[in-house]
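Single-letter residue listing:
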Amino acid sequence: MDQYSTETKCVQAGYTPKNGEPRQIPIVQSTTFKYDTSADMGKLFDLEAAGYFYTRLQNPTNDYVAAKIAALEGGTAGMLTSSGQAASFFSLFNICETGSHIVASSSIYGGTFNLIAVTMKKMGIDATFISQDCSEEELNAAFQDNTRAVFGETIANPALTVLDIEKFARAAHAHGVPLIVDNTFPTPVNCRPIEWGADIVTHSTTKYMDGHGTAVGGAIVDSGRFNWMEHKEKYPGLTEPDESYHGIVYAEKFGQEGAFITKATSQLMRDLGSIQSPQHAFYLNLGLESLHVRMQRHVENGQAVAEFLASHPKVKKVSYPGLPGDPYHALAEKYLPRGGCGVVSFEIEGGRSAAEEFMKKLRLCAIETHVADARSCCLNPATSTHRQMTDEQLSAAGIPAGLIRISCGLEAKEDLIKDLDQAL
Ligand SMILES: *Cc1c(COP(=O)(O)O)cnc(C)c1O
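Thresholds, definitions, all that
Residues numbered from 1 in each chain as written. Predicted model: local features only at pLDDT ≥ 70, side-chain atom pairs only at ≥ 80, totals over all residues. Heavy atoms only, no water. Helix = DSSP H or I, 4+ residues; strand = E, 2+ residues; numbered from the N terminus. Contact = heavy atoms within 4.5 Å. Buried < 20%, exposed > 50% of the residue type's maximum accessible area, 1.4 Å probe, protein only. Pairing = 2+ DSSP bridges. Domains from an automatic or database assignment. Buried area = accessible area lost by both parts, 1.4 Å probe. Salt bridge = Lys/Arg side-chain N within 4 Å of Asp/Glu carboxyl O. Polar contact = N/O pair within 3.5 Å; in protein donor to acceptor, adjacent residues only side chain to side chain. Nonpolar A, V, L, I, M, F, W, Y, C, P; charged D, E, K, R; others polar. Core = buried A, V, L, I, M, F, W, Y, C linked by side-chain atoms within 4.5 Å. Near = heavy atom within 4 Å. Areas by Shrake-Rupley, 256 points an atom, 1.4 Å probe, with all protein chains shown as cover. Axes fitted to C-alpha atoms, helices over the stretch in contact; angles between N-to-C directions. Phe/Tyr/Trp six-rings, centres within 6.5 Å; stacked < 30°, edge-to-face > 60°. Lys NZ or Arg CZ within 6 Å of the ring centre and 35° of its normal.

Concerning the environment of Ser 319
Part 1 of the argument: The topology assignment puts Ser 319 in strand β8 (residues 315-319).
Part 2 of the argument: Separated by 27 residues in sequence, Ser 319 and Phe 346 place their C-alpha atoms 6.0 Å apart.
Part 3 of the argument: Apart from residues lying up to four places away in sequence, Ser 319 is in contact with Leu 160, Asp 326, Val 344 and Ser 345.

Given below as structure tokens:
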């Protein structure tokens with residue numbers, strides 16, 4: 001499939017039926033798999049042979065869909081997880097342990113921030129958060145001897161900042177550490193972070209990849225480019241014998257291309273069990289089949305809505321990297337030449353009460369804690385996700401009380417704009 005374009009991979013990568021087999025990906029709705037002899041099954045437990053024995057670790061439906069996402073991102077291996085949160089956690093915990101340190105962009109999804117700053121901290125894994133707009137000098141200064149990973153988001157949810165992937169990759173590699181990029185918002189249709197130097201890519205497939213508000217899920221893709229053996233002392237989990245599998249060394253047995261995902265599957269999935277159900281993987285694949293068509297429309301609608309809002313007298317400020325005046329426009333032109341996504345945020349004149357009143361009047365755009373769906377939706381952090389904060393606390397956090405995030409769906413842009421206009 002490598003020779004084909006992204007569009008063709010969205011439709012066909014990952015699964016090629018043989019003569020007489022189902023044209024659509026079969027849903028292997030089975031927790032377990034049958035073997036003729038214990039010896040046959042034993043080989044799977046020893047990682048001597050590839051195959052399936054229990055769906056908590058691997059399932060053919062999931063593997064077809066993970067292979068499609070890996071092909072789209074230009075990686076060598078991929079896996080599905082039960083959620084985007086599980087994907088972020090596995091991508092980090094696969095190479096971090098108590099005593100490790102992470103360098104992360106401060107402009108990331110709130111759930112990922114909590115995961116790193118609160119939950120992983122309790123596991124003895126520290127982090128330094130740094131503005132993605134920092135200088136190379138400041139970025140390099142954030143590293144410590146125990147730094148094991150760098151984490152950022154291509155387009156941050158909800159801040160809509162654009163990550164300078166090359167800058168982060170340069171710093172990570174200068175310190176012998178991989179760069180992990182959450183590519184949920186642009187999807188591989190609009191950006192492939194591996195081409196810019198990222199080593200691992202993660203996704204909340206719940207968003208555009210699914211695209212229909214149907215199934216929560218996540219994915220991890222490995223570029224196969226990071227040389228674990230060259231940094232042997234930092235990554236003992238990949239470069240030293242795993243006693244739980246009779247002493248195999250992942251980086252030797254599965255090579256640079258397969259070590260990361262094999263370890264995350266056979267160790268983390270085995271022990272932590274955050275597998276995506278095969279049924280969800282099937283829904284996800286239906287979304288992937290039209291991802292390239294939908295992303296184009298989400299971007300078109302996002303751009304039109306951002307331009308409309310930017311020209312409206314009741315709107316104080318619009319954030320959308322596709323707008324020429326946006327602080328991230330230059331980075332968007334470099335990393336997102338086909339556009340970014342359909343999410344736009346803006347600040348309405350009149351603060352919290354004006355935002356509440358405006359959202360009540362919307363007819364097409366529903367109030368939801370969600371983004372990246374075929375149906376347009378919106379959220380005012382001050383009256384929902386951040387309602388415990390005062391107006392002063394909100395503006396200190398860079399979330400003014402009148403801030404509204406709109407996720408532009410696949411409706412006609414004229415209808416969306418008419419709806420916003422009457423509500424304003
Ligand atoms: C939603 C989201 C996540 C978390 O994904 P879930 O599927 O909700 O667990 C992670 N990163 C980004 C950028 C997201 O938008």
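Regarding the pairing of strand β9 (residues 343-348)
Part 1 of the argument: Counting buried positions over the six residues of β9 gives six, a clear majority of the element.
Part 2 of the argument: Taking every second residue as pointing to the same face, both faces of β9 are buried, with Val 343, Ser 345 and Glu 347 on one and Val 344, Phe 346 and Ile 348 on the other.
Part 3 of the argument: Note that β8 and β9 share four bridges and pair antiparallel. Directly across from Val 318, in β9, lies its bridge partner Phe 346.

A short note on the domain arrangement of the chain
Part 1 of the argument: Domains assigned within the chain are domain 1 (8-286) and domain 2 (291-423).
Part 2 of the argument: Every contact between the two is made by 30 residues of domain 1 and, on the other side, 29 residues of domain 2.
Part 3 of the argument: The contact between domain 1 and domain 2 buries some 2,700 Å² in all, and 64% of this surface belongs to carbon and sulfur atoms.
Part 4 of the argument: It is Leu 160, Asn 190 and Tyr 208 in domain 1 that bury the most area against domain 2; as a group they hold 29% of the surface buried on that side.
Part 5 of the argument: On inspection of domain 1 and its partner domain 2, the count reaches one salt bridge.
Part 6 of the argument: On the surface where domain 1 and domain 2 come into contact, there are 15 residue pairs in polar contact (both at pLDDT 80 or more).
Part 7 of the argument: Of all the elements in the fold, those that place two or more residues in the side of domain 1 that touches domain 2 are α1 (6-12), α7 (165-174) and α8 (187-190).
Part 8 of the argument: Tallied by class, residues from the side of domain 1 that touches domain 2 come to 15 nonpolar, nine polar and six charged.

A look at the nonpolar core
Part 1 of the argument: In terms of nonpolar packing, the biggest core is built from 90 residues, with Ile 69, Leu 179 and Trp 228 touching the most fellow members.
Part 2 of the argument: Per-element accounting of this core gives the leading share, six residues, to helix α11 (residues 255-272).
Part 3 of the argument: Formed jointly, this core draws a minimum of three residues from each of two domains, domain 1 (8-286) and domain 2 (291-423).
Part 4 of the argument: Apart from the residues within four sequence positions on either side, Leu 179 is in contact with Val 150, Ile 165, Phe 168, Ala 169, Ala 172, Ala 198, Asp 199 and Ile 200.

Here's the deal with the site of the ligand
Part 1 of the argument: In the vicinity of the ligand, 14 residues are found, and the nearest of them are Asn 157, Asp 182, Ser 204, Thr 206 and Lys 207.
Part 2 of the argument: At 2.8 Å, a side-chain N or O of Ser 204 approaches an oxygen atom of the ligand.
Part 3 of the argument: In the environment of the ligand, an oxygen atom lies 2.6 Å from a nitrogen or oxygen atom belonging to the side chain of Thr 206.
Part 4 of the argument: In isolation the ligand exposes 380 Å². Once the protein is present, 92% of that is buried.
Part 5 of the argument: Taken together, the residues of the shell around the ligand break down into three nonpolar, eight polar and three charged.

What to know about the sheet that holds strand β11 (residues 377-379)
Part 1 of the argument: Across the sheet, five strands lie side by side as β8-β9-β12-β11-β10; this open sheet has mixed pairing. Whereas interior strands pair on both sides, the edge strands pair on one side only; in this sheet they are β8 and β10 (366-367).
Part 2 of the argument: Strand direction decides the pairing type here: β10 and β11, joined by two bridges, are parallel. The residue of β11 that forms the bridge with Ile 367 is Cys 378.
Part 3 of the argument: Packed onto the sheet, helix α15 (residues 351-361) meets β9, β10, β11 and β12 (403-407) and runs at close to 125 degrees relative to β9.

Some remarks on the side chain of His 292
Part 1 of the argument: Checked against the element boundaries, His 292 lands in helix α13 (residues 291-310).
Part 2 of the argument: You can call His 292 buried: its relative accessible area is 14%.
Part 3 of the argument: Not counting residues within four places of it along the chain, the set of residues in contact with His 292 comprises Glu 7, Cys 10, Val 11 and Val 189.

Some details on the sheet that holds strand β6 (residues 200-204)
Part 1 of the argument: Spatially, seven strands are ordered β1-β7-β6-β5-β4-β2-β3 in an open sheet, and the strand pairing comes out mixed. One side of each edge strand has no neighbouring strand; the edge strands of this open sheet are β1 (77-81) and β3 (126-130). Between one strand axis and the next, the sheet turns by 20 degrees as a mean value, whatever way the strands run.
Part 2 of the argument: Of the pairings in the sheet, the one linking strand β4 (residues 147-153) to strand β5 (residues 179-182) comprises four bridges and is parallel in character.

Structural notes on the packing of aromatic side chains
Part 1 of the argument: This structure, assessed with the given rule, holds 14 aromatic pairs.
Part 2 of the argument: Following the ring pairs from residue to residue traces out a cluster consisting of Phe 226, Trp 228, Tyr 235 and Phe 260.
Part 3 of the argument: Looking at Lys 207, its charged tip hangs above the ring of Tyr 109, at a distance of 5.1 Å from the centre.
Part 4 of the argument: For the cation-ring pair, Lys 253 lies above Phe 254, with the distance from its terminal atom to the ring centre recorded as 6.0 Å.

Considering the pattern of salt bridges
Side-chain pairs of opposite charge can arise where the charged atoms are in close proximity.
Part 1 of the argument: By the definition in use, this model includes 13 salt bridges.
Part 2 of the argument: In this structure, Glu 195 and Arg 192 form a salt bridge, with 2.9 Å as the shortest nitrogen-oxygen distance.

Some points on the environment of Ser 107
Part 1 of the argument: With respect to the helices and strands, Ser 107 occurs in the loop between β2 (101-105) and α5 (110-122).
Part 2 of the argument: Sequence separation between Ser 107 and Val 162 is 55 residues; the distance between their C-alpha atoms is 9.1 Å.
Part 3 of the argument: Leaving out residues up to four positions away in the same chain, Ser 107 has contacts with Gln 132, Glu 153, Ala 156, Ala 159 and Thr 161.
Part 4 of the argument: Here Thr 161 takes part through its side chain, which lies 2.8 Å from a polar atom of the side chain of Ser 107.

A few points about the pairing of β5
Strand residues, when the strand is regular, have side chains that alternate between the two faces of the sheet.
Part 1 of the argument: Burial along β5 is two-sided: the residues Leu 179 and Val 181 and Ile 180 and Asp 182 are all buried.
Part 2 of the argument: As paired elements, β5 and β6 share three bridges and run parallel to each other. The residue bridging Val 181 from the neighbouring strand is Val 201, located in β6.

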